[in-house]
Amino acid sequence: MSRSTKKAAASGTSSDEILRKDSKYIAHGGGRTPIVFVEAKGSIVTDANGKEYIDCVSMGMGTSGVGHSHPRVVEAIREQAGKIIHTHLSTVNIPSVELGEKLARITPHGLNKFHFVNSGTDANETAIRAAMTYTKKKEVLSLELGYHGTTIALSSLGMSYSRHAYPTVPGFRQLPPPYCYRCPLGLDFPRCDVACANLLDDAIKYATSHDVAAFILEPIMGAAGHIVPPGKEYAKIIRETCDRHDILIIADEIQTGLGRTGTMWASDYIGLKPDIMTLGKGLGGGMPIGAAVFSEEVGSMLQKGTWAHGYTHSESPMSCAAAGAVVDIVVDEKLPERSARLGAIATKIFKQWQSKYEAIGDVRGPGLFIGLELVKNKITKERATEEATKIAAEALEMGGIFSTSHGASQQPGGNVVKFKPPMTIEEDLMKKGIDILDDAFTRVLGGAT
Ligand SMILES: Cc1ncc(COP(=O)(O)O)c(C=O)c1O
C-alpha cells in the first residue's frame, strides 16, 4: 500500500465512507461502479482500500493511452502550473502554439490548423460548426451506433441511448454502419460490394434536402464495440461520394487517434482522407482537452471570418502543456509501433480462445484497440450481454479493469468486451491482464466449452 493510500485509510476515508458521500453529494449522469481510485502509475491503478488493478482499458476509452501519470506529463503540468494556469482565449499562450506545432508534424493530409477545446464533445461541436460555416450548408450525416458526445446536437448523431429523452436536430440523419459481423443490410463481405458505403449516394440524393455540410464518422467505431470497416474500398467510396456532393468528411479520432490502432491514425488504417479530424481522450494524458483539426484552407477561412466559437477554457495552457508532452511520448516511444506489436500478441491469444470459449463470436480491431464480441449462439448471434457484463465484473474483482460496449440496458449491445490497455504497458503485465480476463471467462462461462 502506498503512502497516500495508507493515509486515506488512516484518516477514515475508506471506500465505503467516500461512496456514501458520493451518493449524497454528487449528481452523476450514468451507472457508477462502486470503486474509488486514488492513485495510478503506468498501467497500475490503486483503490482507496489499497487494492491494485491492471488497467486494461486505459481508464475508460483510452484516455490514459501513454499510461497514468507518465513522468513527462507530470513534469509538464508541474512546470506549467508554476508559470501561468489560465489565459483568456482572446490572447495567445505558448503551450497551445507549441502543441499545434508538434501535432502538425504528425497529422495527415495537410491537416495542420488546430482549435483546442475542453473535450471530445466540444471538438465535434467545433468541427460540425466549422463545416457548416465553410460549406454554408446545414445538414449532417453520421453512422448508426456511432458515438460523438452527449450534447443535444451530438446525441442526434449518435447511439439511440444517448438521445432517447431529447429532441433530435432536424437535418441530422444516420446511415447503416459497416458492421460486417452483423451486417445491417443482411449481406456478406466481399459479395456485398460494400453496399453500406454505396448507399450513401442515394441517401444524399433522396433523403436529404441537398444541404449536407458534413459526414461525421469514427474510422473504427469505438463505443459500439470496435467495428472495423471492410477493406479500403469503404473509405474510397465514402470519399468519392462526399466529393461529388461537396460534403466534408469529419473523422472522429477521439478514441482511435495517436497510435492506438497500430497506426498514428485509424483514418490511415482504413485509408480515409478526412477534411477535418477531431481528437480528445488520450491527447491530454488525463487532462481535459479536445481538438478540431483543419486544413489550411478551412482553418484560415475560420480565422478570417466572423466565426464565433469558443469556451472559457479553450486553449487551456495546462491541458495544452500536458498534451504537448503526450505527443512527444507518442513519437519518442514509438507508440503506434508498440501498439501494433502488443496488439498482435494479444489478438493471437484472443483468437485462440475462440476454440476454448464457444461464446466468442468475433475478435476484431487493430493494434491495442481490440473487441471480443460475445454471443449466446454462433449461428443466431444472440448477444451475450449479461455474460459480458458479468465477465467485466469478475475481472474487476480479480484485479483487472475491463469495459464493455455501450448500450447494455438502453439498446441492443453491451456484449463486446474491450481490451485497450495503455500503449506503454509492459508485455508481462499485459499478459497478466489477459490471464485475469481468461479466469473471468472461465468463471462466467464455466470453463472450456
Ligand atoms: C468516438 C468518441 N467521440 C466523442 C466522444 C466524446 O468525448 P468526451 O466524452 O470527451 O466529450 C467520445 C467519448 O467517449 C468518443 O468515444
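Everything below is about the structure shown above.
This structure is a prediction, so every number in the text was calculated from the model and none was measured.

Here the focus is the site of the ligand. The full set of residues close to the ligand is Ser-119, Gly-120, Thr-121, Asn-124, Tyr-147, His-148, Gly-149, Glu-218, Asp-252, Ile-254, Gln-255 and Lys-281. Interatomic distance of 3.0 Å between a backbone N/O atom of Gly-120 and an oxygen atom of the ligand. Take Thr-121: an N or O atom from its side chain is 2.4 Å from an oxygen atom of the ligand. Across the complex, the protein chains shield 84% of the 390 Å² of accessible surface that the ligand would expose by itself. Top contributing element to the shell around the ligand by residue count: helix 6 (residues 120–135), with three residues.

This paragraph deals with the sheet that holds strand 15 (residues 416–419). Across the sheet, four strands lie side by side as 11-12-15-14; this open sheet has antiparallel pairing. The outermost strands of the open sheet, each flanked by one partner alone, are strand 11 (360–364) and strand 14 (403–404). Across four bridges, strand 11 lies against strand 12 (residues 370–374) in antiparallel orientation. Looking at the pairing, Ile-360 lines up with Leu-374 of strand 12. Contacts from helix 15 (residues 427–445) reach strand 11, strand 12 and strand 15 within the one sheet, and its direction differs from that of strand 15 by about 165 degrees.

With that settled, consider the sheet that holds strand 10 (residues 290–295). Strand pairing in a sheet takes place through backbone hydrogen bonds and is either antiparallel or parallel in direction. With mixed pairing, the seven strands of this open sheet are ordered in space as 4-10-9-8-7-5-6. Edge strands, defined here as strands with exactly one partner in the open sheet, are strand 4 (111–117) and strand 6 (172–175). In this sheet, neighbouring strand axes are inclined to one another by 25 degrees on average, regardless of whether the strands run parallel or antiparallel. Summarising the sheet, strand 5 (residues 139–143) and strand 7 (residues 212–217) pair through three bridges and their orientation is parallel. Of the residues in strand 7, the one forming a bridge with Glu-139 is Val-212. Relative to strand 6, helix 8 (residues 195–207) is tilted by about 150 degrees, and along the sheet it contacts strand 5, strand 6 and strand 7.

Time to look at the packing of aromatic side chains. Taken as a whole and assessed by the stated rule, the structure comprises eight aromatic pairs. Relative to Phe-116, the ring of Phe-114 has its centre 5.9 Å away and its plane inclined at 5 degrees; by these criteria the two rings are stacked. Plain terms: the ring middles of Phe-350 and Trp-353 are 5.0 Å apart, the flat faces sit at 75 degrees to each other, and that makes the pair edge-to-face. With a gap of three residues between them, Phe-350 and Trp-353 both fall in helix 13 (residues 335–356), about one helical turn apart. Here Phe-350 and Trp-353 have matching classes, each one buried. One aromatic cluster is present, built from ring pairs that chain together Phe-350, Trp-353, Tyr-357, Phe-402, Phe-419 and Phe-441.

Basis of the calculations
Residues numbered from 1 in each chain as written. Predicted model: local features only at pLDDT ≥ 70, side-chain atom pairs only at ≥ 80, totals over all residues. Heavy atoms only, no water. Near = heavy atom within 4 Å. Polar contact = N/O pair within 3.5 Å; in protein donor to acceptor, adjacent residues only side chain to side chain. Areas by Shrake-Rupley, 256 points an atom, 1.4 Å probe, with all protein chains shown as cover. Helix = DSSP H or I, 4+ residues; strand = E, 2+ residues; numbered from the N terminus. Pairing = 2+ DSSP bridges. Contact = heavy atoms within 4.5 Å. Axes fitted to C-alpha atoms, helices over the stretch in contact; angles between N-to-C directions. Phe/Tyr/Trp six-rings, centres within 6.5 Å; stacked < 30°, edge-to-face > 60°. Buried < 20%, exposed > 50% of the residue type's maximum accessible area, 1.4 Å probe, protein only.

Read these as geometric descriptors, not functional statements.
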